[in-house]
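# Structure assessment
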Amino acid sequence: MGKKTIHVSDFTGTVLQQDDEAVRVVVLEHPDLVAGPVQLDATPAEVENIDDAALDVAVVEIHDRHGGGEPRRVVLTASEFDAMATDVPMAQLLKTAERVRPPKARKSAEKIDYGTLEHAGKPHRGRVTEEEARLVRERLDEVNKRLADAGVRQIDPADPEHALRYGFPDVS
């Protein structure tokens, strides 16, 4: 018995033929997005006009007492934001404003143990230990749920790279 994979556009439900190009659309932010970025499949025709629909926006953080110590992120049209500058044009204001330096990354004093169920399967550069690979193979559904909840890629045993990395049997 064999398996057949059919690719379908998430936007329209159109079945993609074997020779059709699939376009991956990653949704980074959306009011209805609850668990981090997601990816959708589409046809090239479905996304060819997406750049035309793009808005010129300003994304700002408001650091005030209302955020409980955390900044509020606000997205508004660039023209609305530009109109807030009444003394000097916004373009000039932005050129002369004080630069914000990104916070320095803290070196983690604790090394992550990917051989635990809490961290097994998370993307990392290091070598996969036998313990991590065993956890991923034996508890794949649980690992993938945790990865999905964290908004990172899930492990697919049919993916040759994942099969090799975690020791899944060859499915080819």
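Worth saying up front: this structure is predicted, and the values here are computed from it rather than measured.

About the cut-offs
Residues numbered from 1 in each chain as written. Predicted model: local features only at pLDDT ≥ 70, side-chain atom pairs only at ≥ 80, totals over all residues. Heavy atoms only, no water. Helix = DSSP H or I, 4+ residues; strand = E, 2+ residues; numbered from the N terminus. Buried < 20%, exposed > 50% of the residue type's maximum accessible area, 1.4 Å probe, protein only. Contact = heavy atoms within 4.5 Å. Areas by Shrake-Rupley, 256 points an atom, 1.4 Å probe, with all protein chains shown as cover. Lys, Arg positive; Asp, Glu negative; His and termini not counted. Charge placed at Lys NZ, Arg CZ, Asp CG, Glu CD. Arc of directions from axis to C-beta. Salt bridge = Lys/Arg side-chain N within 4 Å of Asp/Glu carboxyl O. Core = buried A, V, L, I, M, F, W, Y, C linked by side-chain atoms within 4.5 Å. Patch = residues over 30% accessible without salt bridge, like charges linked within 9 Å, V, L, I, M, F, W, Y side chains within 5 Å.

On a plain count of helices and strands, the chain comes out with seven helices and six strands. If you line up the chain on its principal axes, its C-alpha atoms span 70 × 50 × 25 Å. Scored against the burial criterion, the 172 residues of the chain give a buried share of 19%. Long-range pairs, those at least 24 residues apart, make up 31% of the contacts in the chain between residues at least 6 apart in sequence. For the chain, the accessible area works out to roughly 14,300 Å², and carbon and sulfur atoms hold 52% of it. Taking the average location of the 23 positive side-chain charges in the chain and that of its 33 negative ones, the two points are 10 Å from each other.

Bringing helix H6 (residues 140-149) into the picture now. Within H6, the full set of buried residues consists of Leu140, Val143, Asn144 and Leu147. End-on view of H6: buried residues confined to an arc of 95 degrees, all on one side of the axis. In H6, the exposed positions angled more than 90 degrees off the buried face are occupied by Asp141 and Lys145. Looking at the buried residues of H6, the elements they touch are helix H5 (130-138). At the C-terminal side of H6, Gly151 shows a positive phi close to 80 degrees.

Summed over the entire model, instances satisfying the criterion amount to seven salt bridges. Linking Glu142 and Arg139 is a salt bridge whose minimum nitrogen-to-oxygen distance equals 3.1 Å. Classification of Arg139 by relative accessible area gives partly exposed; the value is 36%. With a shortest N-O distance of 2.9 Å, Lys145 and Asp149 are connected by a salt bridge. With a gap of four residues between them, Lys145 and Asp149 both fall in helix H6, about one helical turn apart. Its relative accessible area of 51% is what places Lys145 among the exposed residues. Connected through salt bridges with shared partners, the residues Glu131, Arg134 and Glu138 form a single ionic network.

Inspection of H5 places Glu132, Ala133, Leu135 and Val136 among the buried residues, and these make up the whole buried set. With its buried residues spanning 160 degrees around the axis, H5 presents them on a single face. Set apart from the buried face of H5 by more than 90 degrees, the exposed residues are Glu130 and Glu138. On its buried face, H5 is in contact with H6 and helix H7 (160-166).

What follows deals with the nonpolar core. Ala120, Val128, Ala133, Leu135, Val136, Leu140, Val143, Leu147, Ile155, Ala163, Tyr166 and Phe168 together form the largest nonpolar core, which totals twelve residues. Counting residues per element, the ones that place at least two in this core are H5, H6 and H7. Beyond its immediate stretch of four places on either side in the chain, Ala120 contacts Tyr114, Glu132, Leu135, Val136, Val143 and Arg146. In terms of nonpolar packing, the next biggest core, distinct from the first, is built from six residues, Ala58, Val60, Leu76 and Ala85 among them.

Quick look at a nonpolar patch on the surface now. A cluster of nonpolar side chains, namely Leu55, Val57, Val59 and Val75, defines an oily patch on the protein surface of about 360 Å² accessible area. Looking at the element boundaries, Val57 is found in strand S5 (residues 57-62). The class of Val57 is partly exposed, set by a relative accessible area of 40%.

Further remarks concern the environment of Ala78. Along the chain, Ala78 turns up in helix H3 (residues 78-82). Sequence-wise, Ala78 and Arg134 are 56 residues apart; in three dimensions their C-alpha atoms are separated by 51 Å. Once residues within four sequence positions are removed from consideration, Ala78 is found in contact with Asp56, Val57 and Ala58.

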